[in-house]
Amino acid sequence: AQTVTQSQPEMSVQEAETVTLSCTYDTSESDYYLFWYKQPPSRQMILVIRQEAYKQQNATENRFSVNFQKAAKSFSLKISDSQLGDAAMYFCALHNTDKLIFGTGTRLQVFP
Amino acid sequence: DTAVSQTPKYLVTQMGNDKSIKCEQNLGHDTMYWYKQDSKKFLKIMFSYNNKELIINETVPNRFSPKSPDKAHLNLHINSLELGDSAVYFCASSQDLKDYEQYFGPGTRLTVT
């Protein structure tokens with residue numbers, strides 16, 4: 001069975017600082033994709049960053065980057081220079097065959 | 001233009017009623033999905049349709065019946081609503097079954113009283 005685990009229900013960070021959100025997953029597939037989604041209070045699901053499992057290079061999107069450790073099945077999200085607008089729920093997700101499997105989410109608070 | 005739209009955004013109804021949530025995508029995608037996000041924010045897939053055909057049914061009670069009149073629409077009909085059906089329901093679409101990128105609608109918050 002495919003699973004996605006986010007062990008941090010809540011995290012907090014000071015504005016302009018860096019924070020890392022953890023995610024581990026399990027799959028028997030060799031070809032899959034990993035995502036981080038952001039859900040602000042508006043509840044819209046916003047794709048933050050994606051990683052193809054066959055790519056060794058870690059994905060980066062502006063202030064967002066991932067640390068993808070395929071052997072360890074780990075996929076953490078680093079947010080640099082945190083901004084107040086980064087406050088949201090963050091979901092790690094695994095795309096396997098034909099559906100997205102989500103983790104339980106991490107609520108990120110950003111303090112001024 | 002909104003890529004994936006859902007109506008209504010909010011729905012409050014009483015136990016035992018029947019209600020529908022509509023979803024439309026204007027992306028030309030073949031595959032559409034329904035997800036349920038419960039009160040603890042856990043998101044789980046309910047159904048997927050590809051070219052109007054049911055592909056995934058994740059052990060959802062048969063009170064939930066998705067209907068796809070064409071590949072741009074996937075509506076969710078719920079019979080005999082129960083308190084536990086209260087949740088946010090998200091529609092999503094992707095180019096096809098193998099396409100990893102899914103585009104989400106804004107969600108419909110359903111409250112059953």
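Refer to the structure above for everything that follows.
## Let's talk about the overall build of chain B
Link 1 in the chain: A tally of helices and strands in chain B yields zero helices and 11 strands.
Link 2 in the chain: Counting from the amino terminus, helix and strand elements in chain B follow one another as β-β-β-β-β-β-β-β-β-β-β.
Link 3 in the chain: Relative to a compact globule of 113 residues, whose C-alpha radius of gyration would be 13 Å, chain B shows 13 Å and is just as compact.
Link 4 in the chain: Principal axes of the C-alpha set define a box for chain B whose edges measure 35 × 30 × 25 Å.
Link 5 in the chain: Residue burial in chain B is summarised as follows: out of 113 residues, 49% are buried.

## Concerning the pairing of strand S2 (residues 10–13) of chain B
All names here are of chain B.
Link 1 in the chain: By the alternation rule, side chains of S2 split into Leu11 and Thr13, which are all buried, and Tyr10 and Val12, of which none is buried.
Link 2 in the chain: Bridge count for S2 against strand S11 (residues 108–112) is four bridges, and the pairing is parallel. Following the sheet pairing, leucine 11 is matched in S11 by leucine 110.

## Description of the environment of Lys44(B)
All names here are of chain B.
Link 1 in the chain: Relative to the assigned elements, lysine 44 resides in strand S5 (residues 43–50).
Link 2 in the chain: For lysine 44, a relative accessible area of 41% puts it in the partly exposed group.
Link 3 in the chain: Taking the C-alpha atoms as reference, lysine 44 lies 20 Å from threonine 7; in sequence the two are 37 residues apart.
Link 4 in the chain: For lysine 44, the contacting residues outside a window of four places in its chain are Trp34, Tyr35, Lys36 and Glu58.

## Thoughts on the side chain of Arg43(A)
Link 1 in the chain: Summarising the element assignment, Arg43(A) is placed in the loop between strand S5 (33–39) and strand S6 (46–52).
Link 2 in the chain: At 3.1 Å, the side chain of Arg43(A) and the backbone oxygen of Pro106(B) are in polar contact.
Link 3 in the chain: Those residues in contact with Arg43(A) that lie beyond four places of it in its chain are Lys9(B), Tyr10(B), Val88(B), Phe90(B), Pro106(B), Gly107(B), Thr108(B) and Arg109(B).

## Here we look at the interface of chain A and chain B
Link 1 in the chain: Taken together, the contact pairs 21 residues of chain A with 26 residues of chain B.
Link 2 in the chain: Together chain A and chain B conceal approximately 2,000 Å² of surface at their shared face, both sides included; 55% is due to carbon and sulfur atoms.
Link 3 in the chain: It is Arg43(A), Asp98(A) and Phe102(A) in chain A that bury the most area against chain B; as a group they hold 32% of the surface buried on that side.
Link 4 in the chain: Taken together, chain A and chain B are joined by two salt bridges.
Link 5 in the chain: At the boundary of chain A with chain B, the tally comes to seven residue pairs in polar contact (both at pLDDT 80 or more).

## Looking at the state of the cysteines
Residues and elements named next belong to chain A.
Link 1 in the chain: Inspection of every chain in the model, using the stated rule, returns two disulfides over all chains.
Link 2 in the chain: Between the sulfur atoms of cysteine 23 and its disulfide partner cysteine 92 the distance amounts to 2.0 Å. The sign of the S-S torsion, about -70°, decides the handedness of the disulfide formed by cysteine 23 and cysteine 92: left-handed. In this pair, cysteine 23 is assigned in the loop between strand S3 (19–21) and strand S4 (24–26) and cysteine 92 in strand S10 (residues 88–96), connecting sequence segments 69 residues apart.

## Let's talk about the sheet that holds strand S1 (residues 4–7) of chain B
All names here are of chain B.
Link 1 in the chain: Strands sit in the order S1-S3-S8-S7 across an open sheet of four strands; the sheet is antiparallel. Every other strand in the sheet has two partners, leaving S1 and strand S7 (64–70) as the edge strands with one partner each. Across this sheet, the average inter-strand angle for adjacent strands is 20°, counted without regard to direction.
Link 2 in the chain: The pairing of S1 with strand S3 (residues 19–25) spans four bridges and is antiparallel. Bridge pairing links glutamine 6 to cysteine 23 in S3.

## Quick notes on the side chain of His95(A)
Link 1 in the chain: Relative to the helices and strands, His95(A) is located in strand S10.
Link 2 in the chain: Setting aside residues up to four positions removed in sequence, His95(A) forms contacts with Tyr32(A), Tyr33(A), Phe35(A), Leu100(A), Leu97(B), Lys98(B), Asp99(B), Tyr100(B) and Gln102(B).

Criteria and thresholds
Residues numbered from 1 in each chain as written. Chains lettered and ligands numbered in written order. Predicted model: local features only at pLDDT ≥ 70, side-chain atom pairs only at ≥ 80, totals over all residues. Heavy atoms only, no water. Helix = DSSP H or I, 4+ residues; strand = E, 2+ residues; numbered from the N terminus. Rg over C-alpha atoms; globule rule 2.2 N^0.38 Å. Buried < 20%, exposed > 50% of the residue type's maximum accessible area, 1.4 Å probe, protein only. Pairing = 2+ DSSP bridges. Contact = heavy atoms within 4.5 Å. Polar contact = N/O pair within 3.5 Å; in protein donor to acceptor, adjacent residues only side chain to side chain. Buried area = accessible area lost by both parts, 1.4 Å probe. Salt bridge = Lys/Arg side-chain N within 4 Å of Asp/Glu carboxyl O. Disulfide = S-S within 2.5 Å. Axes fitted to C-alpha atoms, helices over the stretch in contact; angles between N-to-C directions.

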